[in-house]
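Now for the letters of each chain:
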Amino acid sequence: MKLLPHILLMCLALALAWAQAKSSSCHFTVAFSCPAAVLDRCKGLEMDAVAENEEGIPYFFKGDHLFKGFHGKAELSNKSFAELDDHHHLGHVDAAFRMHFEDDPTHHNHMFFFLDNKVFRYFQHKLVVGYPKDISEVFPGIPNHLDAAVECPKSECGKDSVIFFKGDEIFHFNVKTKAVEKKEFESMPNCTSAFRFTEHYYCFHGHQFSKFDPKTGEVHGRYPKEARDYFMRCSKFRENGDHLERERCSRVHLDAITSDDAGNIYAFRGHHFIRKDNNDTLTSNTTESAFKELHSEVDAVFSYQDHLYMIKDNQLFVYKVGEPHTHLAGYPKPVKAELGIEGPINAAFVCQDHHIVHIIKGTDIYDVNLSVTPRVPTNKRPISVLRKVDAAMCGPDGVKVIRGSHFYHFESVMQFVVARALPEQHRVSLELFGCDH
């Protein structure tokens, strides 16, 4: 019992330390890990490493925690990569990348993590036999205690390469020959992490980022930019930020998208939405400002007879399109009662001049006839080409299906359902909203 006062004093000291750490966004190094509750990336964090996994999901590492995707809470890294703790006490990951080397399938798409002087190699979250190894053994000529690393395939760098960063030193490592070329990227800041995403290269420094040319290091355009505006989904943003620029250029996937009978597009992400009028004028606002009963975080939206049908969890909200939009009395109602199907629903869309809403739930698509009651889901079919759909809409030119930062165009619903290979990939930010950076 005599230890109790000492324990209480220690807890108080730690609590004060964490409070100070929180105010400084966890830019510190201590003998204790930053608890997940403190790690709020929307308050501004300097990430230690960033890399996509084999499925294209970005992993953001901070201390001994990991954020999966562009939103969601942090979790301990050793839940996904247990050996990082087993072999080397995990304070933080120095650098990470996913290997691009199609000439050698035994290495292609493997993930590499760097901790001090060691490198860990994973495939499908399993440590490859023989690892960890010294960095010098696997990547001769590359120093220990790296700041960042990013893959660069030969289609973009001329040769399959990995770019390593340590302070202001840049190393281009040829994956095939293991030759190292030291370069100077004079216009770039020192990177604390680096990331290849949608064939573009990003250097993160603090909670800002700059897009750079992987061969020359040149930074073009208005940089640095705020990482929270483009790589994270946050309910609140800086008051002086460009909200339209943020929403149309964000790399975070859309939650829902639809086009009304007049040809106006509504695209929803988190607490915000973009409206693209039929004359291509873009505006952005909070979801609550136009759909206050819905508030935010919509799952799916479809348009039918001058009404917007908006699905959130297991509830269906209906608004008459206008200025302002009018919330129909009696709604929300259960999705099951209105459409005959249980939530959650990934996406829903109606093609022009039809009464059928096509509902995507998991890896299946259903048809519901809106012109009859009771409404029941019919014609269940599996979707083969995508394991997950984030949003979809239908227009005169066919169906656009959105996954992550890209969309795929199909001439018809049937073509989408029977497809066994994905068509050409299109960037949501560029081809839907005109953001070229």
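Residues numbered from 1 in each chain as written. Predicted model: local features only at pLDDT ≥ 70, side-chain atom pairs only at ≥ 80, totals over all residues. Heavy atoms only, no water.

As recorded in an unreviewed UniProt entry, the chain goes by Hemopexin and comes from Poecilia reticulata. Its UniProt record, at the heading Function (unreviewed entry), says of the chain: "Binds heme and transports it to the liver for breakdown and iron recovery, after which the free hemopexin returns to the circulation." (UniProt positions renumbered as here; feature names shortened; annotations may be inferred.)

Participant: Before we move on, can you summarise the UniProt feature "glycosylation site" (unreviewed entry) in the chain with the specific residues and values?
Facilitator: When the UniProt feature table is mapped to this numbering, "glycosylation site" (unreviewed entry) covers N190. Within the secondary structure layout, N190 lies in the loop between β13 (180–183) and β14 (193–197). When residues no more than four places from it in sequence are discounted, the contact partners of N190 are G167, D168, C203, F204 and H205. (Helix = DSSP H or I, 4+ residues; strand = E, 2+ residues; numbered from the N terminus. Contact = heavy atoms within 4.5 Å.)

Participant: Could you give me a rundown of the pattern of salt bridges, with the residues and numbers involved?
Facilitator: Considering all chains together, one arrives at 16 salt bridges under this definition. Residues K118 and D134 are paired through a salt bridge, measuring 2.6 Å at the closest nitrogen-oxygen approach. Here the residue K118 occupies a position in strand β7 (residues 118–123), and D134 occupies one in strand β9 (residues 133–134), the gap between them amounting to 16 residues. On the basis of relative accessible area, K118 is assigned to the partly exposed category, the value being 26%. Residue E156 is joined to R196 by a salt bridge in which the shortest nitrogen-to-oxygen separation is 2.8 Å. (Salt bridge = Lys/Arg side-chain N within 4 Å of Asp/Glu carboxyl O. Buried < 20%, exposed > 50% of the residue type's maximum accessible area, 1.4 Å probe, protein only.)

Participant: I'd like a rundown of the packing of aromatic side chains, residues and numbers included.
Facilitator: Under the criterion given, the structure shown has 38 aromatic pairs. Ring centres of F139 and F173 lie 5.2 Å apart, and the angle between their planes is 70°; this geometry places the pair in the edge-to-face category. Of this pair, F139 sits in the loop between α3 (135–138) and β10 (148–152) while F173 sits in strand β12 (residues 169–174), and the two are 34 residues apart along the sequence. With relative accessibility at 2%, the residue F139 sits in the buried group. One aromatic cluster is present, formed by F60, F70, F195, F197, Y202, F204, F209, Y223 and F231 through successive ring pairs. The ring centre of Y223 lies 5.0 Å from the NZ or CZ of K225, which sits over that ring. Positioned above the aromatic ring of Y331 is the side chain of K333, whose terminal nitrogen or guanidinium carbon lies 4.7 Å from the ring centre. (Phe/Tyr/Trp six-rings, centres within 6.5 Å; stacked < 30°, edge-to-face > 60°. Lys NZ or Arg CZ within 6 Å of the ring centre and 35° of its normal.)

Participant: Would you mind going over the state of the cysteines in detail, with residue names and values included?
Facilitator: The full count for this structure, using the stated rule, is four disulfides. Disulfide pairing places C152 opposite C157 at an S-S distance of 1.9 Å. Residues C152 and C157 are joined through a disulfide that is right-handed, its torsion about the S-S bond being 95°. On the basis of relative accessibility, which here comes to 14%, the residue C157 falls in the buried class. Shown here is the disulfide that connects C191 with C203, its sulfur atoms set 2.1 Å apart. Handedness of the C191-C203 disulfide follows from its S-S torsion of about -120°: it is left-handed. With C191 in the loop between β13 and β14 and C203 in strand β15 (residues 200–205), this residue pair connects regions lying twelve residues apart in the sequence. The exposure class of C191 is buried, given its relative accessible area of 2%. Judged by its relative accessible area of 1%, C203 falls in the buried class. (Disulfide = S-S within 2.5 Å.)

Participant: Please give an account of the confidence of the model for the chain that cites residues and values.
Facilitator: Mean pLDDT for the chain: 84, with 87% of residues reaching 70 or above. Low pLDDT, under 50, characterises residues 1–37; the predicted model gives this stretch 31 contacts beyond four residues in sequence or across chains. (pLDDT = per-residue confidence, 0-100.)

Participant: Give me the lowdown on the layout of surface pockets, citing residues and values where you can.
Facilitator: In this model, the largest pocket occupies a volume close to 1,500 Å³. Contributing to the lining of the largest pocket are 48 residues, with E55, G56, R403, G404 and S405 lying nearest its centre. At the level of elements, β14, β33 (406–410) and β34 (425–427) are the ones that each hand at least two residues to the lining of the largest pocket. No other element matches β34, which puts three residues into the lining of the largest pocket. Looking at the lining of the largest pocket residue by residue, the classes come out as 13 nonpolar, 15 polar and 20 charged. For the lining of the largest pocket, the domains that each give at least three residues are domain 1 (49–229) and domain 2 (243–433). (1 Å grid on protein atoms, 1.4 Å probe; cavity = no way out; pocket = protein on both sides within 12 Å on 5 of 7 lines; lining within 4 Å. Points joined across faces, edges and corners; volume = space filled by probe spheres on them. Nonpolar A, V, L, I, M, F, W, Y, C, P; charged D, E, K, R; others polar. Domains from an automatic or database assignment.)

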